[in-house]
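# An overview of the molecular structure
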Amino acid sequence: MADHDARERFLALAEGVVGAYAYIASLLSELPVPVIIPDLVLMADEGRDPTDALLALHRVRAVVEDEPISEKDRRCFEHLMLDWITAYEMLALAKSAGLAPWRLDAVEFALNRVVTWIEVIENDDEQDDDES
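Residues numbered from 1 in each chain as written. Predicted model: local features only at pLDDT ≥ 70, side-chain atom pairs only at ≥ 80, totals over all residues. Heavy atoms only, no water.

## Here's the deal with the overall build of the chain
Helix and strand counts for the chain stand at five helices and zero strands. For the chain, the α and β elements follow one another from N to C terminus as α-α-α-α-α. A principal-axis box enclosing the C-alpha atoms of the chain has dimensions of 55 × 30 × 20 Å. Across the 132 residues that make up the chain, the buried fraction comes to 36%. For the chain, long-range pairs separated by at least 24 residues make up 67% of all intrachain contacts whose partners lie at least 6 apart in sequence. As presented, the chain carries roughly 7700 Å² of accessible surface, and 56% of it is formed by carbon and sulfur atoms. (Helix = DSSP H or I, 4+ residues; strand = E, 2+ residues; numbered from the N terminus. Buried < 20%, exposed > 50% of the residue type's maximum accessible area, 1.4 Å probe, protein only. Contact = heavy atoms within 4.5 Å. Areas by Shrake-Rupley, 256 points an atom, 1.4 Å probe, with all protein chains shown as cover.)

Okay, here's the thing in structure tokens:
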């Protein structure tokens, strides 16, 4: 029973990681200088290595430094990328090394931080819209 519960939790977290990536892609495409990252689902469907997505997010950390956005938003995007990468890496570790509860907890915790960074970025954008 516990194995089934851990597997269900793993699948739900994997869905969350993929969904968060798509949301991040949308946020990046809305930057003043749009940033486009590979489609994670399309990559999986084509049998491509998901490492390309990780490398793309790593490059985004440098690219965001040149965006005409506030320093606060730059830091938020940087932390957003790192927390998503952390969630993905822990998910991959859980898949290969076993679905230990602490690994799944770490994925969930990183995803919660991803959601928080997204909220901070979106709230900042709403404040900018209100000021204009």
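After that view, the rundown keeps rolling.
## A few points about the packing of aromatic side chains
Evaluation of the coordinates by the stated rule reveals two aromatic pairs. Taking 5.1 Å as the distance between ring centres and 55 degrees as the angle between the ring planes, the aromatic pair formed by Tyr 21 and Trp 84 counts as tilted. Separated by 63 residues along the polypeptide, Tyr 21 in helix α1 (residues 2-29) and Trp 84 in helix α4 (residues 71-97) bring together distant segments of the chain. Since its relative accessible area comes to 0%, Trp 84 is described here as buried. Taking 5.3 Å as the distance between ring centres and 25 degrees as the angle between the ring planes, the aromatic pair formed by Trp 84 and Tyr 88 counts as stacked. You can see Trp 84 and its partner Tyr 88 sitting in helix α4, four residues apart, about one turn around the helix. For the pair Trp 84 and Tyr 88, a shared accessibility class is recorded, and that class is buried. Among the aromatic side chains, those forming a connected cluster through ring pairs are Tyr 21, Trp 84 and Tyr 88. (Phe/Tyr/Trp six-rings, centres within 6.5 Å; stacked < 30°, edge-to-face > 60°.)

## Description of the layout of surface pockets
Here the largest pocket defines a volume of roughly 340 Å³. Looking at the largest pocket, it is lined by 15 residues, and the ones nearest its centre are Ala 14, Pro 50, Tyr 88, Leu 91 and Lys 95. Elements with a contribution of two residues or more to the lining of the largest pocket: α1, α2 (40-45) and α4. Per-class residue counts for the lining of the largest pocket are 13 nonpolar, no polar and two charged. (1 Å grid on protein atoms, 1.4 Å probe; cavity = no way out; pocket = protein on both sides within 12 Å on 5 of 7 lines; lining within 4 Å. Points joined across faces, edges and corners; volume = space filled by probe spheres on them. Nonpolar A, V, L, I, M, F, W, Y, C, P; charged D, E, K, R; others polar.)

## So, the nonpolar core
With 39 residues, the main nonpolar core has Leu 28, Leu 57, Phe 77, Leu 80 and Trp 84 as its most contacted residues. Counting only elements with at least two residues in this core, the list comes to α1, α2, α3 (51-63), α4 and α5 (101-131). (Core = buried A, V, L, I, M, F, W, Y, C linked by side-chain atoms within 4.5 Å.)

## Digging into the packing of α1 against α4
Close contact between α1 and α4 brings their axes to 11 Å; oriented N to C, the two are set at 155 degrees. Taken together, the axis directions place α1 and α4 in an arrangement best described as roughly antiparallel. Every pair of crossing elements has a handedness; the one defined by α1 and α4 is left-handed. Across the interface between the two elements, Phe 10, Leu 13, Ala 14, Val 17, Ala 20, Tyr 21, Ile 24, Leu 27 and Leu 28 from α1 touch Phe 77, Leu 80, Met 81, Trp 84, Ala 87, Tyr 88, Leu 91, Ala 94 and Lys 95 from α4. (Axes fitted to C-alpha atoms, helices over the stretch in contact; angles between N-to-C directions. Parallel < 35°, antiparallel > 145°, perpendicular 65-115°, else oblique. Left-handed = near helix turned anticlockwise from the far one by under 90°.)

## Description of the pattern of salt bridges
When the charged atoms of two side chains lie near each other, side chains of opposite charge can form a pair. Within this structure, the stated rule accounts for nine salt bridges. We note a salt bridge from Arg 9 to Asp 105, for which the minimum N-O separation is 2.7 Å. With a gap of 96 residues between them, Arg 9 in helix α1 and Asp 105 in helix α5 connect regions that are remote in the sequence. When its relative accessible area of 41% is taken as the criterion, Asp 105 is described as partly exposed. Salt bridges here are not isolated pairs; linked through shared partners, they connect Arg 61, Glu 65, Glu 71, Arg 74, Arg 75 and Glu 78. (Salt bridge = Lys/Arg side-chain N within 4 Å of Asp/Glu carboxyl O.)

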